[in-house]
Amino acid sequence: MEGTLTLDQLKIYKKYRGDPDSFQRSASSKEAGILSGDAWALISELTGAMFLVQSHRATDDFSQNVLVRIKRSCDSELTINELQSISNSDWFLKR
């Protein structure tokens, strides 16, 4: 399921606040073409893992693996920063 996440994909994910039902109901065809279901799932998985790491609820080994996956999955440092921003956002923390 690994792939290259882009800033555009994360912006769409953020627009729908990580709610896949809202995305399915309301996304334009252009947005649906940019953000696949596999990419959505990867973003959800990585943001959840980042939250565990940032809140010190993960082992060192898990934390290292998450970092490797994030670097392998994102196309740029800006994308990594946006992924981190999502995992720290109020709406994400309230899910």
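A brief structural summary. (Residues numbered from 1 in each chain as written. Predicted model: local features only at pLDDT ≥ 70, side-chain atom pairs only at ≥ 80, totals over all residues. Heavy atoms only, no water.)

### Quick notes on the layout of surface pockets
Point 1. Empty space within the largest pocket amounts to approximately 190 Å³.
Point 2. As for the largest pocket, its lining consists of Met 50, Val 53, Gln 54, Ser 63, Val 66, Leu 67, Ile 70, Lys 71, Glu 77, Ile 80 and Gln 84.
Point 3. Mapped by element, the contributors of at least two residues to the lining of the largest pocket are helix H4 (37-54), helix H5 (60-73) and helix H6 (77-88).
Point 4. Among the elements that line the lining of the largest pocket, the one with the most residues is H5, at 5 residues. (1 Å grid on protein atoms, 1.4 Å probe; cavity = no way out; pocket = protein on both sides within 12 Å on 5 of 7 lines; lining within 4 Å. Points joined across faces, edges and corners; volume = space filled by probe spheres on them. Helix = DSSP H or I, 4+ residues; strand = E, 2+ residues; numbered from the N terminus.)

### Some points on the nonpolar core
Point 1. Within the largest apolar cluster, 22 residues are counted, with the highest numbers of intra-cluster contacts made by Tyr 13, Leu 35, Ile 43, Ile 70 and Leu 83.
Point 2. Of all the secondary-structure elements, those providing two or more residues to this core are helix H1 (7-15), H4, H5, H6 and helix H7 (90-93).
Point 3. In terms of residue count, the dominant contributor to this core is H4 (7 residues).
Point 4. The residues touching Ile 70, leaving out its near neighbours within four places in the chain, are Leu 46, Met 50, Ile 80 and Leu 83. (Core = buried A, V, L, I, M, F, W, Y, C linked by side-chain atoms within 4.5 Å. Buried < 20%, exposed > 50% of the residue type's maximum accessible area, 1.4 Å probe, protein only. Contact = heavy atoms within 4.5 Å.)

### Focus: the pattern of salt bridges
Point 1. Here the structure, examined in full by the defined rule, presents 3 salt bridges.
Point 2. As a salt-bridge pair, Lys 14 and Glu 82 come within 3.0 Å of each other at their nearest N and O atoms. Taken together, the residues span a long stretch of sequence, with Lys 14 in helix H1 and Glu 82 in helix H6 at a distance of 68 residues.
Point 3. Of the residues examined, Lys 14 reaches a relative accessible area of 30% and is grouped as partly exposed.
Point 4. Exposure remark for Glu 82: the relative accessible area of 16% places this residue in the buried category.
Point 5. Arg 69 serves as the salt-bridge partner of Glu 45, at 2.5 Å between the closest nitrogen and oxygen. Of this pair, Glu 45 sits in helix H4 while Arg 69 sits in helix H5, placing them 24 residues apart in sequence.
Point 6. Judged by its relative accessible area of 35%, Glu 45 falls in the partly exposed class. (Salt bridge = Lys/Arg side-chain N within 4 Å of Asp/Glu carboxyl O.)

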